[in-house]
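# Coordinates in review
For reference, the chains in residue letters:
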Amino acid sequence: MNKEVKAENNKPTITKKDRHNAILRWMFMGSALYNYESGQASSVVWSLAKLLRKIYPKDEEYKEALDNHFKYFNTTTAMGNIILGATTAMEEKDGIESKDAVQALKTSLMGPFAGIGDTLIWVLLPTVMGSISGYMAIKGNPLGAIAWIIVGAILFWIRIKLFDLGYTSGVKLVTDFSDKLSIFTDAMSSFGLMVVGALVST
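Presented here is an overview of the structure given in this document. (Residues numbered from 1 in each chain as written. Predicted model: local features only at pLDDT ≥ 70, side-chain atom pairs only at ≥ 80, totals over all residues. Heavy atoms only, no water.)

As a further point, take helix H1 (residues 16-29). For H1, spanning 14 residues, the distance from its first C-alpha to its last is 20 Å, which sits close to the expected 20 Å at 1.5 Å a residue. All of the buried residues in H1 are Arg19, His20, Ala22, Ile23, Arg25, Trp26 and Met27. (Helix = DSSP H or I, 4+ residues; strand = E, 2+ residues; numbered from the N terminus. Expected span 1.5 Å × (residues − 1). Buried < 20%, exposed > 50% of the residue type's maximum accessible area, 1.4 Å probe, protein only.)

Right under this line is the structure:
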């Protein structure tokens, strides 16, 4: 049966278009509304507002859900995709009753996921690709700029798929993976330092 068909209780079901609309809003505004009181919470609310309106047709529940997402949230925007995907699945399944669980999941994972995102996306990838592209540019090779565009397009696609992964796999995948986050983060940090050291020497 098609997942996007309305459930038996006539509760509106979130479509793929709804999900992708929400995550595109997050990807473009994830850090734009940042403040020191609630971090990226305002961006989360703005990104998920239309999607949550479909989950919560009742005004009071909708307001309560928005208020819940206004609580502090701060992580690497790309890694926030999988967290928000999982919380969307939780809210679609259990409604406003999932409010506390949604907040607990966001709070417990935003730090570890930020460690991975900062290491891979903001340190390792720009350093490696920047060095390669910069070297090509010095040599007058236009492939350096093209490589950056290709990497950006691939990363854009991966970020959308991370939201889908969080949504379809739900909390189980995210929580199971969280047990290994610290090991993975340490490994990526060590690998990043090794790569940067090698690039500096060459």
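The tally for this structure, following the rule as stated, stands at two aromatic pairs. Taking the centre distance of 6.3 Å and the plane angle of 55° together, the rings of tryptophan 26 and phenylalanine 73 count as tilted. With a gap of 47 residues between them, tryptophan 26 in helix H1 and phenylalanine 73 in the loop between helix H3 (59-69) and helix H4 (77-94) connect regions that are remote in the sequence. Exposure class is identical for tryptophan 26 and phenylalanine 73. Each is buried. The residue whose ring lies beneath arginine 25 is tryptophan 46, and the NZ or CZ to ring-centre distance is 3.8 Å. (Phe/Tyr/Trp six-rings, centres within 6.5 Å; stacked < 30°, edge-to-face > 60°. Lys NZ or Arg CZ within 6 Å of the ring centre and 35° of its normal.)

Our focus in this paragraph is the packing of helix H2 (residues 41-55) against H4. For the pair H2 and H4, interaxial distance at closest approach is 11 Å and the crossing angle is 25°. What the angle tells us is that H2 and H4 run roughly parallel. Crossing hand, H2 versus H4: right-handed. Where H2 abuts H4, its residues Val44, Leu48, Leu51, Leu52 and Ile55 lie against Leu84, Thr88, Glu91 and Glu92. In the contact of H2 with H4, the residues fall into six nonpolar, one polar and two charged. (Axes fitted to C-alpha atoms, helices over the stretch in contact; angles between N-to-C directions. Parallel < 35°, antiparallel > 145°, perpendicular 65-115°, else oblique. Left-handed = near helix turned anticlockwise from the far one by under 90°. Contact = heavy atoms within 4.5 Å. Nonpolar A, V, L, I, M, F, W, Y, C, P; charged D, E, K, R; others polar.)

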